[in-house]
Structure formats: C-alpha cells, structure tokens
Amino acid sequence: MKLDGLDRAIIGVLVEDARATYAEIGARVGLSAPAVKRRVDRLLASGAITGFSARVEPSALGWTTEAYVELFCRGKTSPAEIGVAIARHPEVVSACTVTGEADALLHIRTTDVRDVERVIERIAAEPFVVRTKSAIVLSRLIDEKL
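Residues numbered from 1 in each chain as written. Predicted model: local features only at pLDDT ≥ 70, side-chain atom pairs only at ≥ 80, totals over all residues. Heavy atoms only, no water.

Student: Go over a nonpolar patch on the surface with me, naming the residues and quoting the values.
Tutor: Nonpolar side chains collect at one region of the surface, where Val56, Leu61, Trp63 and Val93 lie side by side and expose about 350 Å² of accessible area between them. Of note, Val56 is situated in the loop between α3 (33–46) and β1 (65–73). Residue class for Val56 comes out partly exposed when judged on its relative accessible area of 48%. (Patch = residues over 30% accessible without salt bridge, like charges linked within 9 Å, V, L, I, M, F, W, Y side chains within 5 Å. Areas by Shrake-Rupley, 256 points an atom, 1.4 Å probe, with all protein chains shown as cover. Salt bridge = Lys/Arg side-chain N within 4 Å of Asp/Glu carboxyl O. Helix = DSSP H or I, 4+ residues; strand = E, 2+ residues; numbered from the N terminus. Buried < 20%, exposed > 50% of the residue type's maximum accessible area, 1.4 Å probe, protein only.)

Here it is as structure tokens:
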C-alpha cells in the first residue's frame, strides 16, 4: 500500500498516542473525525497498521536487565528454524537475522544477570547453536520510536 502524507501524519499521531480519538487526530492532521476513521480503517485493512498496544516500562514488570545475544549456528540453519526455537524463550523480546559473522541477534529482557545467564544457557543448548556472544546493556541512550 502506498501511504500519502496524511496517512503518515495519522500514523505518527497514533505512534505517539494510540488512544488518541479520531477527533484529536483530525485536529492535528487537518481532517474531520469521520475522514480519520476511514483512513485508519483502510490502514488496518491494508496491514499498514498491524494493531494497537500499550507500552510498558520493562522495570514495572521486573525486567531490569537486558542483553543482546549473537547466535552462531551450524551449517545451513534456516531463519524459520531459528525463529521457532527462539519463540520458546519468553525472555527473547525480539530477534532478527543479521549480516556479518553471526546468524541472528536476540534482544533479551530478564530480572537480573543470573537470569540472563540461564536464558543464554537454554538457548545455547538448542541443537543448531554452535556458540553465542553476548553483551549486557548498561544504559539506554535512545529508545525506539516506532
């Protein structure tokens, strides 16, 4: 789907505040509430907007420690195989395949460093994992915007 400037502006408002009313969005982007609703419905139907969610402060859930873990896999392990295995670990909040030496990069959130160690041990025990390389996050400099 091709997005125009108004679509992008509506998405920008929703990223800032997913609870904004159609009238509030309309006031910010210069459209009526019904016009905003039609566009949001179209953005949802097209898959440009995939849903709405609450942003939660990780420490409120006890997740005070985070790490990035590089996975180095055997032979021709497929991204699908990695994804299925990694999805079994709830501490992995995101994962992606990457360029470079590693095959995948995992973002892990846990309660403490010992828990990070336990998660890495469980992941390293997956049959396709040759080795891991991890880095503990000390402080966040920029948080994601989308």
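Having seen the model, we can carry on.
Student: Hey, could you go over the nonpolar core for me, with residue numbers and the actual values?
Tutor: By size, the foremost hydrophobic cluster in this structure holds 17 residues, and its most contacted members are Leu71, Ile82, Ile86, Leu106, Ile108 and Ile123. Residue assignment for this core shows that the elements contributing at least two residues are β1, α4 (79–86), β3 (104–110) and α5 (113–124). Not counting the four nearest positions on each side in its chain, Leu71 is found in contact with Ile82, Ile86, Ala102, Asp103, Ala104, Leu106, Ile123, Val129, Arg131 and Thr132. The next biggest cluster of nonpolar side chains, apart from the first, holds eleven residues, and it includes Leu14, Val29, Val40 and Leu43. (Core = buried A, V, L, I, M, F, W, Y, C linked by side-chain atoms within 4.5 Å. Contact = heavy atoms within 4.5 Å.)

Student: Can you lay out the pattern of salt bridges for me, pointing to particular residues and giving the numbers?
Tutor: One pass over the full model with this rule turns up ten salt bridges. Glu16 serves as the salt-bridge partner of Arg28, at 3.0 Å between the closest nitrogen and oxygen. One end of the pair, Arg28, is in helix α2 (residues 22–29); the other, Glu16, is in helix α1 (residues 5–16), with twelve residues separating them in the sequence. With a closest N to O distance of 2.6 Å, Asp41 and Lys37 form a salt bridge. Of the two residues, Asp41 and Lys37 are both situated in helix α3; the distance of four residues between them amounts to about one turn of the helix. Where salt bridges share partners, they join Asp4, Asp7, Arg39 and Arg42 into one cluster.

Student: Describe in detail the side chain of Arg109, supporting the description with residues and values.
Tutor: The topology assignment puts Arg109 in strand β3. At 3.5 Å, the side chain of Arg109 and the side chain of Glu66 are in polar contact. Setting aside residues up to four positions removed in sequence, Arg109 forms contacts with Pro58, Trp63, Thr65, Glu66, Glu91, Val93 and Arg140. (Polar contact = N/O pair within 3.5 Å; in protein donor to acceptor, adjacent residues only side chain to side chain.)

Student: Pulling in residues and values, what's your account of the packing of α1 against α2?
Tutor: The N-to-C vectors of α1 and α2 enclose an angle of 125°; their axes lie 10 Å apart at closest approach. Relative to α2, the element α1 lies oblique. For the crossing formed where α1 meets α2, the hand is right-handed. Of the residues in α2, those touching α1 at Leu6, Ala9, Ile10, Val13, Leu14 and Glu16 are Ile25, Arg28 and Val29. Grouping the amino acids of the contact of α1 with α2 by side-chain chemistry returns seven nonpolar, no polar and two charged. (Axes fitted to C-alpha atoms, helices over the stretch in contact; angles between N-to-C directions. Parallel < 35°, antiparallel > 145°, perpendicular 65-115°, else oblique. Left-handed = near helix turned anticlockwise from the far one by under 90°. Nonpolar A, V, L, I, M, F, W, Y, C, P; charged D, E, K, R; others polar.)

Student: Account for α5, naming residues and giving values.
Tutor: Counted at 1.5 Å a residue, the expected span for α5 with its twelve residues is 16 Å, and the 16 Å between its end C-alpha atoms agrees. Among the residues of α5, those classed as buried are Asp115, Val116, Val119, Ile120 and Ile123. Down the axis, α5 shows its buried residues gathered within 140° of arc, on one side only. Against the buried residues of α5 lie β1, α4, β2 (92–97), β3 and β4 (129–136). (Expected span 1.5 Å × (residues − 1). Arc of directions from axis to C-beta.)

Student: Help me get a handle on the pairing of β2, residues and values and all.
Tutor: When β2 meets β3, the two strands line up antiparallel, connected through five bridges. The residue bridging Thr97 from the neighbouring strand is Ala104, located in β3. The turn joining β2 and β3, which pair antiparallel and follow one another in sequence, is formed by six residues; a positive phi near 100° is taken by Gly100. (Pairing = 2+ DSSP bridges.)

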